[in-house]
Every structure is written in C-alpha cells, then in structure tokens.
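Geometric and topological summary
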Amino acid sequence: MKLRFDRGTIVLTDPPKELDLVGAPGVRWDPRVHAHRAPASQYPALKRWLLHRGSRFQDIPPPARPTHELWSDVDLRPYQEAALSAWELGHRRGVVALPTGSGKTRLALAAMHRTRLSTLCLVPTRVLLDQWLREIGALYQGPVGCYGDGVRRWAPLTIATFESAYRHMDQLGDRFDLVIVDEVHHFGGGLRDETLEMTIADARLGLTATPSRDPGVAARLTELVGATVFELAVADLAGGFLASFDAITLYLDLVPEERTAYTSLAALFRSAHADFRQMVPNGSWADFTHYSARTPEGRRALSAWRQMRRLLAFTYAKRRTLESLLGRHRHSRVLIFTADNETAYAIAREHLVMPLTCDISRPERDDVLERFRRGDLRTLVSARVLNEGLDVPDADVAVVVGGALGEREHVQRVGRLLRPSEGKRAVVYELVTRNTIEVGQARRRRQGLVVRRSAQL
Amino acid sequence: MLSADLLSYSVAGTLAVPHFLGEHDHPWIRVLLEEHERFIGRPQRELEARLRDPLPCESPPRKLKLAIQVLGRLRLRERKSAVPPRRARAHVFGEAARTSAPPQAILSKVATSLGVSVEELQDSLFGDLPGERLVAAPAQPLSAVELALRCNLVVVQGMLFRATVVRIEVEGNTRVLVRHAKWRGLICAVAERSGSASATLEISGPFALFRNTGLYGRALGELVPLLAWCPRFRLRAECVLHERRLTLQLATGDPIFPSSAPRRYDSLVEERFAREFRRLAPVWDVIREPEPIAAGGTLIFPDFALRHRSDPSREWLLEIVGFWTPDYVARKLALYRSARLPNLILCIDEGRNCAEGDLPSGARVVRYRRRVDAAAVLHVIESTPCSCYPSARPGTEFRCSRGLSLRRLPRADA
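Residues numbered from 1 in each chain as written. Chains lettered and ligands numbered in written order. Predicted model: local features only at pLDDT ≥ 70, side-chain atom pairs only at ≥ 80, totals over all residues.

The next subject is the overall build of chain A. Within chain A one finds 16 helices and 18 strands. Computed over its C-alpha atoms, the radius of gyration of chain A comes to 25 Å, within 12% of the 23 Å expected for a compact globule of 457 residues. Dimensions of chain A along its principal axes, counting C-alpha atoms only, are 80 × 55 × 40 Å. Of all 457 residues assigned to chain A, the portion counted as buried reaches 47%. Counted over contacts in chain A with a minimum sequence separation of 6, partners at least 24 positions apart contribute 75%. (Helix = DSSP H or I, 4+ residues; strand = E, 2+ residues; numbered from the N terminus. Rg over C-alpha atoms; globule rule 2.2 N^0.38 Å. Buried ≥ 20, exposed ≤ 12 C-beta atoms within 10 Å, placed from the backbone. Contact = placed C-beta atoms within 7 Å.)

Printed below as a string of structure tokens:
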C-alpha cells in the first residue's frame, strides 16, 4: 500500500485485500481515481490507525528538516516558558493567547528551535511577513522560505501570508511537520480553514492576543489547531513585562446640529430595530441586516445606521479634542486610531499627520515605520493597519477616535503601546460621544483589557 | 468572491434558478452607467458616496448592489497628480513633524519647494489612493447589455464557488476546458457521448469527496466563461447554497459574459507551423484539435490533423513535442507508442534528445529547432501512403494523456 499527498488530500493506493479501510479516519472511496482518499489533516490519525493494525505501507516522504546547528539559542521569559510547556503537554497542539507586545513571535521561534521540526508560519499580512522573516533571520542562519508578496520560495522554515498559503497549500501541504498560525483568531469560521485542512502537519500552534469567545469558532479552532492551552491578558503583564498605562476616557458632546441629525437618524433606526427585536428576540445583527435589506423601511433603517456611524466617526468635539491632545503630546510618539479610512484621511489632511492604511503601499509603510522609529515622524493615524501584529516602535500615546470591531480591536490597539522600556508609562485616550451608541461600545471594548483567566497548566 | 447575500436565485425543487439580469433590467442599468459617466474625472469616493443613495428610477436593490460591485471591479480609475503622491506625503508629513507651524504654512512652504501650487499639492497628497483616483471612462463604451452579462457571470461564478462537482456535456473546445481544469488542480473525468466530438466532463476538486471548498469552487467558476466558446454545452453543478444542496443548470444561450477568445495555439511554434503549412500546401486542411484518439485505454489529444481536401481519407495526425519536462515527454511518447498509429508525424525539438528507441514504431519523425519546417512535413505526407487512424469508440474507458484521470461515464442519453 502506498500513501501519497495529492492536492490537499492523502490518496491510498493498492491496500492489501485483508485491510478494511471503512473505519480509517477520514478515508473514503474515490471512484474518480479508483483509490481511497482522506483529507490531508487526517494524515497523522490515519498513520496511527494503520500502524496500530500492523499494516505495511510506503509512507509520504518525510518533510525536510531545518539544520539544528544553524539555530542560535532562543531565551524565553518565565511566562513564555510556561506557555511553551503547556503547548508541549498538549501534544504540540493548541492556542496560546498572550497580549500584544508580550513576545508571541519569540515563543514561536522557540517552538521551532526546540522541536527541530520543519515549520510553516502563517501570518495575516505582507508587512508581518517581512517582520517574521527578519526575526527568524536573526536567529536562524539557514535559508528561510517565503510565500507571499510575489515570492514563492520554499525552505524547511517558511513564512507565508494567509492568502498565499490558501492558494498554495495544495502544493505545500506535505512539506511541513509544524504549522504556526499568527493571529489565529482569523481562523475557525471561513475559507481560510481550508488551508489547515490541506496540510499533513501534526504539530500546530496558534497565537493570538484575542481568542474568540464564540463557542462555534472556538470549537472549530480546537479541531483545526487545538484548544487554548495558555492565556494571559494585558492586566496580567502590565507594569512588569509590559509597560504600565493609563486609560483615559474623554466624554464629549455633539453640537446642536449634530445632535438633531443624530436624534432623527437614531429614531429611524431604533424603530426598525425594535420591530425586528419583537419578531426575533434572539436575532443577531447579521439576521437584522439580512431581514432589513428586504424592505424599503429596513433599508432606510440600515442607511440611518451607517449615517449615524459616519456622523460619530469624527464629530466637531472630537476634532477640537484631537487638536488639543496633539498639541499636548507634541513630543511623544502618538498613534491615532479611527473607525474607518475616510476619517483617517480627514485627520491626515487636517493635522498633517501620516496615515497608515491598507491603501498605502508596503514599501511606503515600511519607510513610514522606519521614519517613525527614527523620530522623523511623531504621529501616525490608522483605521486597521496598526491593529494587528505590526511592530510599532516606541509609541507611548494612543488616541482612539473611533472603533468598529469591539473588544478584540481595542486590546490590539492598546497593545501597540505596551512594548516595555525604561520608565515608560503609556497613555490611551478614548474619545466617546455622550448619549450615543458609542457609550455602550466603549464599555464593551474595555472589557478585553481586564484579567481574563490565569495560565492553564 | 460574491458574498452570499448578493446571490440572487429562486429554488424550484432541487434546482437553483439564478435570477439573471435581462432586458427588463437594462433601463436602470443605463441610468447607473449614466451616473458613472457623470462622475468621470471626479474622485472615486464621490461616486461611491453618490451610489450609496438610490438611483432616480426604480431598481431592484440587490441587483443594483451587484451591478455597482461589478462596475467597481472593472477598475475604471486613473491617477493624475502634479507631484508623485508618495513624494508629496514624505515632504508634507515630514515637514509637519519638524515644525509647529500651522498646516497652511507648512503646505505653502512644501508647495514652493516642490514648484507647485498649494491646491496641486493637496490634490497630489492622496491622489494614488483608491478613493481619490479619478473615475475614468472605459476603453470601449460599456453598454447595459454588457454590464448585465458581466453581472450574470459573477452570479453564476458565485454559485459555483459553493459547488462540489460540475458535469458538462459539451461539443467542441473540450480541450480548453480540460486544460484549464488540469491547470487549476481539478480532477476531470471524461467520457465520449458518441463518435462525434461531443463529450461529457465531470470536473471536481480533490476535496469534493468530503465537502465543497472555496479553493476548488473558484476554479470551477473559472470554467464558465470558457463555455461560451463551445458551440453547445449543458452544465449541471451540485452546489451548497445557504446550507441547502441544490443543482445549478446552465446551457448554450444563457446570458453570460464570455471569456476572451481562448488561445488557439499552445505555442508560437504551433501557430507558425499552421500558418506556414496552410500557405505551402493549400490542398491540405490544417485541423486544430482533431478528435481525441483512443490509445490503449487512454485518450490522446493530437495537436493537428492534416487532411487532404479532395481525398479526406488521406489524413495525418501531427504532434509537436516541444519544450516540456522529460517525464512529460516520456509519458507522451509511451502513449503514442501504445497507440500504434500508422499515420502519425512527430515533430520533436532537437533539444529533447529523444533516442530512436523511445519513439513510436512507424511514426514519421521531423526534428526541429525553433520552428517546424512545413516543407519537411509536406514531404513526409506526400511521399508516404497513409491509412486512417482508429478513432475512439463510445463507452471506452480512458486515461488522459495529460495526466488527468478519466473514466467511463454513463452516456448522457442512457
């Protein structure tokens, strides 16, 4: 019998007559090729199943491993050691949740170094691709593969963007023993899951600052990567391994014209939303939008909702307050976070601060971050780009003008400020408009910063 | 890919019937195109803001949203800026970080240093960003009919994105479909329906056995615009739409935007040979993609058939073995050896170093470097008597010469 990797699946050819493959994990008869087939992710279980039955088979060629001698030692902080041990104890599967700035990449490097396995690291963006390549290059002297940003280069240690891995996993799926997924909360409920289904890698490590609280997503992630084996929140590390910070919420008012417009828009929206709530008491926001899109009244309500959001994104009071805060922190490194790109550009034009958005090309972003590092630029404004993973050097003030994605986004944004340095105390300002939907939103997003759970060992 | 909420279809039993945009939609599509035209030369964001509000005529909201999205995908945008935007940003924001002067003073200073006006500098600052790019006119005027067809294609591809398997009964241009399926890593089962060129293809991704995947669903969707180049086709796809298993059916004449014409030749060598041979031997027809040949349980797609116009029994098959991997060439030659075709001409690239023993016995060989000598081929066919090659019989079980798995399928009329 022969096991062969075929475009994200395992094909079993010429099984011995006495072997009944009916109960084999994931295996089905494929009449298209007259052979048995299983999803690649079932390979470890299938192999164990075959070995348990004493079957002899020609296995998939083992992935080439990195040269151990080319690694430098990777030192870990105590909580990183604990996280790695928890992952090892979980049979090298599972999610580690650590706050931004606490060294998740370092933990991943240690996992690669200590397991000596061929490893594929998945990262969400091209900017992070470069960042990971730099960090691995500093500790591993051998070649490092790269998939993404127009490059397709394989090596026993390879970094790939989610998008590139998704497109090429049918070719790469048999070349790695360990898959590390940075910002793993992007998985568990979408197309990207296919990437993890099409690889034979038995060892899997997920990294995130904000594990999903959705039971469905968590269950799917457990299946694809493993359960959460270790978790610490910002408050667990702030003041020690992370910089201390002050969170200041500034409650602002709408000017009369804005209040009038907001009130009428809110009335339009609330009336439709209340009707829906009455009909479907447990309906989700997605159910509401789906339902509303069918009727003219519903569409008007959705339009009112969007206009409310636009109105609140950058109110007159937020404009004035931001001006004052930028003046006060003129000599600090300031990050401004907005709810959308439109507001980011409005701030960029008004205050002449560099926007860092998805529309800005990667080389320019790199250049901007380098100038920020050198101090040639002291303020950046962004909607989403700075949310995740990006290593922003030495920022110490954040102004949250608006947000759209709740708790997860807020934790990640605050995390940008928490890389520790001597005597550093960061400040996070939140601009919240009184008597609007923003009050509830702000309350909910702050919940992610408090202690959630202790380490599970 | 199109989001599920824009997939417009109705369900009849187990069939999903797509709501195609048709003539009745053309009036509001024309209004949409007029709105688009009105914004030519203005920033894209202004057009987007306008299209967030309803059109001045009745338009089905979901279809309108779809049409706006499809229009957006055509990327009818252009950039115009007095200063390269990246340079403008570097100067303006760098200067702002250095001084505490008011923004207007900073802009004036930088504008002077760059030799432009403040207005030009401000326009340049974000001139390259998608929302700031200027709405441009399409190279060819875009009609309501074309936009409707493009929308229909996007809807069908959105449905196939959620499909596991498609079955296509097709006449002509089969090779294009098979080649595309292979290129996208799909598994293609082929069976002939009758002695004619028509065939039934069953195409699916390796994962289809377990569930539908976006990776292979996208590849299935890419087959649709190619179907427009087949004289006749019927497609049935098994889709999972809103958690229901439904069948999508398409056939010749459905209003779907076609792909650009498929490449007629795989290489310049083939194209040049066909052109030169036609000129040199006008009494011979050069038939591109002749019927597939049964070869020891396999199907072969020869590159050309050369058929004498006044005596069609004089027919030769011609295969150009060009620059491919050694494995591919070995497999191909093995297939031709097993076919024992009495009237085969192999044109072999001298760079391939094929040994005589590798070549099919009885085949006439013309070696070439860079171009196949049409005169040499003509010399072979006019100096050698020829007999007809055996064509594929219906119901034969095949394996495809292009590395695809093939098997006998029930005849469509069975």
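On to unusual backbone geometry. Residue and element names in this part refer to chain A. One non-glycine residue with positive phi stands out, namely Arg92, at about 55°. Its place among the elements puts Arg92 in the loop between helix 2 (78-89) and strand 5 (93-97). Its identity is not glycine, yet Leu352 carries a phi of approximately 50°, on the positive side. When you line up the elements, Leu352 lands in the loop between helix 13 (341-351) and strand 15 (354-355).

So, about helix 9 (residues 214-221) of chain B. Counting buried positions over the eight residues of helix 9 of chain B gives six, a clear majority of the element. Taken together, the buried positions of helix 9 of chain B are Leu215(B), Tyr216(B), Gly217(B), Ala219(B), Leu220(B) and Gly221(B). On its buried face, helix 9 of chain B sits against helix 5 (162-172) and helix 6 (193-197) of chain A together with helix 7 (144-160), strand 5 (163-171), strand 7 (199-204) and helix 10 (224-227) of chain B.

Residue and element names in this part refer to chain B. The predicted model of chain B averages 82 in pLDDT, with 85% of residues at 70 or higher. Confidence over residues 388-414 falls short of pLDDT 50; this stretch has 72 contacts with residues more than four positions distant or in other chains. Interface scoring of the predicted complex returns ipTM 0.74; its pTM is 0.74. (pLDDT = per-residue confidence, 0-100.)

Glancing now at the environment of Arg371(B). Relative to the assigned elements, Arg371(B) resides in the loop between strand 16 (364-368) and helix 13 (374-383). When near neighbours in sequence (up to four residues on either side) are disregarded, Arg371(B) contacts Val269(B) and Arg272(B).

What follows is about the interface of chain A and chain B. Each side of the interface is counted separately: chain A has 28 residues, and chain B has 26 residues. Those elements giving two or more residues to the side of chain A that touches chain B turn out to be strand 3 (28-30), strand 4 (35-39), helix 5 and helix 13 of chain A. Of the residues assigned to the side of chain A that touches chain B, the class counts are 10 nonpolar, four polar and 14 charged. (Nonpolar A, V, L, I, M, F, W, Y, C, P; charged D, E, K, R; others polar.)

Each domain of chain A was delimited in the assignment, giving domain 1 (2-52), domain 2 (68-232), domain 3 (244-254 + 315-449) and domain 4 (259-313). Each of domain 1 of chain A and domain 4 of chain A has a C-alpha centre, and these two points are 51 Å apart. (Domains from an automatic or database assignment.)

The next subject is the nonpolar core. Counting 197 residues, the largest nonpolar core has Val96(A), Val353(A), Ala398(A), Val399(A), Leu160(B) and Val166(B) as its most contacted members. Ranked by residue count, the leading element in this core is helix 7 of chain B, at 10 residues. Excluding its chain neighbours within four sequence positions, the residues that come into contact with Ala398(A) are Leu335(A), Phe337(A), Arg413(A), Val414(A), Arg416(A), Leu417(A), Val428(A) and Tyr429(A). Membership of the second largest hydrophobic core comes to 29 residues, among which are Ala305(B), Leu318(B), Leu344(B) and Ile348(B). (Core = buried A, V, L, I, M, F, W, Y, C linked by C-beta atoms within 7 Å.)

Residue and element names in this part refer to chain A. Spatially, six strands are ordered 13-18-17-14-16-15 in an open sheet, and the strand pairing comes out parallel. If you trace the sheet from one side to the other, it starts and ends with strand 13 (244-252) and strand 15, each paired once. Of the pairings in the sheet, the one linking strand 13 to strand 18 (residues 425-433) comprises nine bridges and is parallel in character. When the sheet's bridge partners are listed, Tyr251 is paired in strand 18 with Val432. (Pairing = 2+ DSSP bridges.)

Two modes of strand pairing occur in sheets, parallel and antiparallel, and in both the strands are linked by backbone hydrogen bonds. Residue and element names in this part refer to chain A. Read from one edge of the open sheet, four strands run 1-2-4-3, paired in antiparallel fashion. Each edge of the sheet is formed by a strand with only one pairing partner; in this case those strands are strand 1 (2-6) and strand 3. The average angle at which neighbouring strand axes cross in this sheet is 35°, direction not considered. In the sheet, strand 1 pairs with strand 2 (residues 9-13) via five bridges, with the strands oriented antiparallel. Within strand 2, the position partnered with Leu3 by the bridge is Leu12. (Axes fitted to C-alpha atoms, helices over the stretch in contact; angles between N-to-C directions.)

Let us look at the packing of helix 1 (residues 26-38) of chain B against helix 7 of chain B. Residue and element names in this part refer to chain B. At their nearest, the axes of helix 1 and helix 7 sit 9 Å apart, and the two run at 105° to each other. Classified by the interaxial angle, the pair formed by helix 1 and helix 7 is roughly perpendicular. Contact residues: His26, Ile29, Arg30 and Leu33 in helix 1; Ala144, Val145, Leu147 and Ala148 in helix 7. (Parallel < 35°, antiparallel > 145°, perpendicular 65-115°, else oblique.)

Of all the residues in helix 5 of chain A, the buried ones are Phe162(A), Ser164(A), Ala165(A), Tyr166(A), Met169(A), Asp170(A) and Leu172(A). Those residues of helix 5 of chain A that are buried are in contact with strand 6 (119-123), strand 7 (145-148), strand 9 (157-161) and helix 6 of chain A together with helix 9 of chain B.

Turning our attention to the packing of helix 5 (residues 103-114) of chain B against helix 6 (residues 118-125) of chain B. Any two packed helices are characterised by how steeply their axes cross, that is the angle between the axes, and by the distance between the axes. Residue and element names in this part refer to chain B. One can describe the packing of helix 5 onto helix 6 by two numbers: an axis separation of 9 Å at closest approach and a directional angle of 95°. If you check the angle between helix 5 and helix 6, you find them roughly perpendicular. Each of Leu107, Ser108, Val110, Ala111 and Leu114 in helix 5 lies in contact with helix 6, whose residues at this interface are Val118, Leu121 and Gln122. Looking at the contact of helix 5 with helix 6 residue by residue, the class counts come to six nonpolar, two polar and no charged.

Attention now goes to the pairing of strand 5 of chain B. Inspection of the sheet shows strand 5 of chain B paired to strand 8 (residues 232-241) of chain B by eight bridges, in the antiparallel sense. When the sheet's bridge partners are listed, Arg167(B) is paired in strand 8 of chain B with Arg236(B).

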